[in-house]
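One letter stands for each residue in the lines below.
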Amino acid sequence: MKNKAFWVRRFLWATGMAWMFLMGVYLLRGASVDEVLSEAFVWALVSSAVFTGSRYYKARRGIACALCKDTVGQ
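Residues numbered from 1 in each chain as written. Predicted model: local features only at pLDDT ≥ 70, side-chain atom pairs only at ≥ 80, totals over all residues. Heavy atoms only, no water.

Here the focus is the packing of aromatic side chains. Inspection of the entire model under this criterion finds 3 aromatic pairs. Arranged with centres 5.1 Å apart and planes meeting at 85 degrees, the rings of phenylalanine 6 and tryptophan 7 form a pair that is edge-to-face. Like tryptophan 7, phenylalanine 6 is buried. Residues tryptophan 7 and tyrosine 56 carry aromatic rings whose centres are separated by 5.3 Å and whose planes lie at 90 degrees to one another, so their mutual orientation is edge-to-face. (Phe/Tyr/Trp six-rings, centres within 6.5 Å; stacked < 30°, edge-to-face > 60°. Buried < 20%, exposed > 50% of the residue type's maximum accessible area, 1.4 Å probe, protein only.)

Compared with the 42 Å implied by 1.5 Å per residue over 29 residues, the 42 Å span of helix α2 (residues 33–61) between its first and last C-alpha is a close match. Looking at α2, one finds that the buried residues are Val36, Ala40, Ala44, Ser48, Thr52, Arg55 and Ala59. Residues of α2 that are buried make contact with α1 (4–28). The positive-phi residue at the C-terminal boundary of α2 is glycine 62, with phi of around 80 degrees. (Helix = DSSP H or I, 4+ residues; strand = E, 2+ residues; numbered from the N terminus. Expected span 1.5 Å × (residues − 1). Contact = heavy atoms within 4.5 Å.)

Right, dumping it as structure tokens:
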């Protein structure tokens, strides 16, 4: 299984990508930038925690993922 640095990097990467995506969606919907920054960041943290946590759980159990082949058995 991967070390802790791998999981931290994956969490930070997922948070950043989700935050940018959510900010774009909120801005396209017409929200102000002040509202968007904090709300998008909170939802990005929640979604990346769920994503990383589920992948960590599956990697510990040795369950393969078709999209995330890099985490099982290494």
